[in-house]
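# Summary of structural features
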Amino acid sequence: METSNLVDSLGFPPMEDAAEEVSISKTMAIIACTSMSILYVAILYSPTLILRLPNPSTLNSFMIRRFICAAVSSVISVFLCAFLLIPVGKWGLSSLFGLYGIRADHMWNAVVYPLSLTSLLYTGWFVTMLISPKKSRNEDNVNGDLFWCLKNSIRGFLERMTSLTSNVLAWRNYVVAPLTEEVVFRACMIPLLLCGGFKPYTIIFFSPIFFSLGKSSFVISHLNHFLELYFQQNYTFLKASLIVGLQLGYTVLFGSYASFLFIRTGHLIAPVVAHVFCNIMGLPMLSSQRKGLSVAATVAGFLGFIWLLFPATNPNLYNYRTDNCLCWHGYCTL
């Protein structure tokens, strides 16, 4: 059966009519994405600069205010995206959730496959934990290298998750930041850019630009980190530059990777779980005291990541969601 006939038989509008209904200009898509990026940061500073509210007296109250601001900016972006891509009279939970990649179907695939793929980048860390000095194992009174590694990894993960109940910074790193950033910079911006006529790989490689624009405070914080390393911790200019440059580069690369996951799977949960996992783990291990085996494991994990990147994100595993505007609106979902 031809695609057009299949679409008609499922009750969706013809492809040509759908294209006219949901497409926007490239200029409009860029303006909307730029506005969302700036808005994401501007609202964070609005209580002090615009509303003239006093500065919070504690870290908890400061972060809670930030959480509220991030939620407000995310909601505004969600409605702006819906207003541009879906006629108001046709708004509904199914159409809105589908637009943002909030889907129940194939949820297990969207969690397990991207998470397993991302974990390959940390193979060196897992191996280092496995072959860590026996002294540290004996302190835990645990027999068996593999059991010790598994126990220690699970314990560390549970400690981080438990900290959510009392640590406001854990809420920022593992809940608020991953969720709001993925909603704004992936779920809202990517459908706009796809419907604006941009090619998927153009979006994947250049979408971090919007993230960098919106996260200007992030760049400033890394500049402060550079100054701290250089002046206070007496790092050389080259070493401090390499450390900060590595962190910035990693952030840009992750933005492209998260966009890739969202486009390929059509599930918002895919980049969210990858984001949370990377925040928990930190930067992938690039060096170790036990260099030989750890470096080999790191290289093997990276090669495995490259080898499985496309098979593990094959759209056929995620209900045939593909990388164009019409399919994002459900007009060619099989």
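As the structure is a computational prediction, the values presented were derived from the model and not from experiment. (Residues numbered from 1 in each chain as written. Predicted model: local features only at pLDDT ≥ 70, side-chain atom pairs only at ≥ 80, totals over all residues. Heavy atoms only, no water.)

A few words on a nonpolar patch on the surface. On the surface, Tyr45, Leu49, Ile50, Leu51 and Leu53 cluster together to form a nonpolar patch covering roughly 510 Å² of accessible area. Of note, Leu49 is situated in helix α3 (residues 26-49). (Patch = residues over 30% accessible without salt bridge, like charges linked within 9 Å, V, L, I, M, F, W, Y side chains within 5 Å. Areas by Shrake-Rupley, 256 points an atom, 1.4 Å probe, with all protein chains shown as cover. Salt bridge = Lys/Arg side-chain N within 4 Å of Asp/Glu carboxyl O. Helix = DSSP H or I, 4+ residues; strand = E, 2+ residues; numbered from the N terminus.)

Bringing the confidence of the model for the protein chain into the picture now. Across the protein chain, pLDDT averages 76, with 67% of residues at or above 70. Within the protein chain, no element has a lower average pLDDT than helix α1 (residues 3-9), which sits at 35, and none a higher one than helix α6 (residues 107-119), at 95. Residue range residues 134-143 is modelled with pLDDT below 50. Its contacts to residues more than four positions away, or to other chains, number 13 contacts. (pLDDT = per-residue confidence, 0-100. Contact = heavy atoms within 4.5 Å.)

Counting residues in hydrophobic clusters, the biggest one holds 52 residues, and the most contacted among them are Cys81, Leu85, Tyr100, Leu192 and Tyr257. Elements supplying a minimum of two residues to this core: α3, α4 (59-85), α5 (93-99), α10 (168-195), α11 (200-214), α13 (237-265) and α14 (269-281). Residue contacts for Tyr100: discarding those within four places in its chain leaves Val78, Phe79, Cys81, Ala82, Ala187, Cys188, Phe262 and Leu268. Listed in part, the 8 residues of the second largest apolar core include Ile43, Phe67, Cys69 and Val176. (Core = buried A, V, L, I, M, F, W, Y, C linked by side-chain atoms within 4.5 Å. Buried < 20%, exposed > 50% of the residue type's maximum accessible area, 1.4 Å probe, protein only.)

The next subject is the pattern of salt bridges. Enumeration according to the criterion identifies 2 salt bridges in this entry. With a closest N to O distance of 2.6 Å, Asp105 and Arg103 form a salt bridge. Overall, Asp105 belongs to the partly exposed group, its relative accessible area being 27%. The partner of Glu182 in a salt bridge is Arg186, and the shortest N-O contact between them spans 2.8 Å.

Below, the discussion takes up the UniProt feature "transmembrane region" (unreviewed entry) in the protein chain. Mapped onto this numbering, the UniProt entry annotates "transmembrane region" (unreviewed entry) at residues 27-46, 67-86, 106-127, 240-262, 268-286 and 293-310. In the segment residues 106-127, helix accounts for 82% and strand for 0%; the C-alpha atoms at its two ends are 31 Å apart. (UniProt positions renumbered as here; feature names shortened; annotations may be inferred.)

Our next topic: α10. In an α-helix, one full turn covers 3.6 residues, which means residues spaced three or four apart are oriented alike. Over its 28 residues, α10 runs 38 Å from end to end, which matches the ideal 40 Å to within 8%, given 1.5 Å per residue. If you look at α10, its biggest bend is around 40°, right at Val176, and the proline Pro178 turns up within four residues after that. Burial analysis of α10 places 22 of its 28 residues in the buried class, the great majority of the element. (Expected span 1.5 Å × (residues − 1). Bend = angle between axes of the 7 residues up to and from the residue.)

With respect to the helices, strands and loops of the structure, Thr313 is situated in the loop between α15 (291-308) and α16 (325-328). Once you skip the residues sitting within four places of it in the chain, Thr313 turns out to touch Leu117, Phe260, Leu261, Arg264 and Tyr318.

The next thing to look at is unusual backbone geometry. Backbone geometry at His106 places phi at a positive 55°, although glycine is not the residue there. Mapped onto the elements of the fold, His106 is located in the loop between α5 and α6. Residue classification places His106 among the partly exposed residues on the basis of a relative accessible area of 35%.

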